[in-house]
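# Working through the structure, step by step
Residues per chain are reported as follows:
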Amino acid sequence: MTPVSIADLVTIRAHHPEAVAEAAARRTRRPLLDDRGRLMIVAADHPARGSLAVGASPHAMANRVTLLERLCLALSRPGVDGVLATADILDDLLLLGALEGKVVMGSMNRGGLAGASFELDDRFTGHRPEDLSRLGFDAGKLLLRIDYDDPGSLDTLHSAARAIDAMAARRLPVFVEPFICDRTGGSRRNNLSADAVTLSIAIASGLAGTSAYTWLKVPVTDDPDDMARVMETSTLPAVLLGGESGGDEDGTYEKWRKALQLPTVQGLVAGRSLLYPGDGDVAAAVDTAVGLL
């Protein structure tokens, strides 16, 4: 893995904070889609929501140097198009020079902290559309969790729609990740049944005054065979949400492989399953995922 010095990053941040904007200004950009017409994005926006666990390790993503080393390795692998992350992580990657020629996707709403009573009142506390435009980033992502019994979902729906409008005004793609969810036994649960995922896609597709720059970021349903009819709900381009493998990495790859064959599915956004694979081999996990495209 590429060695990362936290001391160097701290020194630059403390003495030359303008270096972040300078690195963003000189960054070599690329189109969202290259000649392959497919997207492979590595996600690392989990920590800002207080979601640090991977498998049985409750603080796996808490070590920033380890996370950055894994991200740099993943971004160096052939076929990896870019990264999805919050400002702190993207600033570090800019300073490390790891974002040259990559798709950079900023995570926009991180206010719905994992396990909080206000989890579904998911405020836009991350990148704003004007930040993404100013920094020359390539896209944004927002999470849209809808619980019919939680009034906070309405506030999130409204703010999500306005964020999509603002992104479209700047001609910036925005990836909307919708879920229908509920509380089961006191904990939040995303419903991955075919009916629930279909409903979430229908709602997300109709947000804002235009869908011209809207993409969907969708999970694979509980029964992967349902994905074909689920993805008929919208003509918006979509990427698959990787999620955690739950220890069954071969089964996860097979689910992705089938869903990636559907006509609206243009790629994959995966995080913990690639950055923290069970055997620790980040390069092999990333290469396997790229091969599915």
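### Brief notes about the pairing of strand 5 (residues 174–184)
With eight of eleven residues buried, strand 5 lies mostly within the body of the structure. Pairing geometry for strand 4 (residues 139–146) and strand 5, over seven bridges, is parallel. Residue pairing in the sheet places Leu142 in a bridge with Val176 of strand 5. Summarising the sheet, strand 5 and strand 7 (residues 214–219) pair through three bridges and their orientation is parallel. Paired with Val174 across the strands is Thr214, a residue of strand 7. Looking at chain direction, strand 5 and strand 6 (residues 187–191) are connected through five bridges and run antiparallel. Bridge pairing links Arg183 to Arg188 in strand 6. Here strand 5 folds back onto strand 6 in antiparallel fashion, the turn holding two residues, of which Gly185 has a positive phi close to 65°.

### Re the pattern of salt bridges
The tally for this structure, following the rule as stated, stands at 26 salt bridges. Ionic pairing is found between Lys217 and Glu177, a salt bridge with its closest N-O pair at 2.6 Å. One end of the pair, Lys217, is in strand 7; the other, Glu177, is in strand 5, with 40 residues separating them in the sequence. Overall, Lys217 belongs to the buried group, its relative accessible area being 3%.

### Quick word on the nonpolar core
Grouped together as the largest cluster of nonpolar side chains are 76 residues, with contacts concentrated most on Leu71, Leu93, Met231, Leu240, Trp256 and Leu274. Considering every element that reaches this core, the biggest residue donor is helix 3 (residues 64–76), with seven residues. Grouped together as the second largest cluster of nonpolar side chains are twelve residues, Leu39, Ala43, Phe175 and Val239 included.

### Examining the pairing of strand 8 (residues 238–241)
Alignment of strand 7 against strand 8, held across four bridges, turns out to be parallel. Bridging across to strand 8, Pro219 finds its partner in Leu241. Here four bridges tie strand 8 to strand 9 (residues 265–270), and the two strands are oriented parallel to one another. Paired with Val239 across the bridge in strand 9 is Gly267.

### Topic: helix 2 (residues 19–26)
The complete set of buried residues in helix 2 reads Ala19, Val20, Ala23 and Ala24. Along the axis of helix 2, the buried residues cluster in a sector spanning 140°; they form a single face. Along helix 2, the residues that are exposed and aim more than 90 degrees away from the buried face are Ala25 and Arg26.

Conventions and cut-offs
Residues numbered from 1 in each chain as written. Predicted model: local features only at pLDDT ≥ 70, side-chain atom pairs only at ≥ 80, totals over all residues. Heavy atoms only, no water. Buried < 20%, exposed > 50% of the residue type's maximum accessible area, 1.4 Å probe, protein only. Helix = DSSP H or I, 4+ residues; strand = E, 2+ residues; numbered from the N terminus. Pairing = 2+ DSSP bridges. Salt bridge = Lys/Arg side-chain N within 4 Å of Asp/Glu carboxyl O. Core = buried A, V, L, I, M, F, W, Y, C linked by side-chain atoms within 4.5 Å. Arc of directions from axis to C-beta.

Just distances and angles here, no functional claims.
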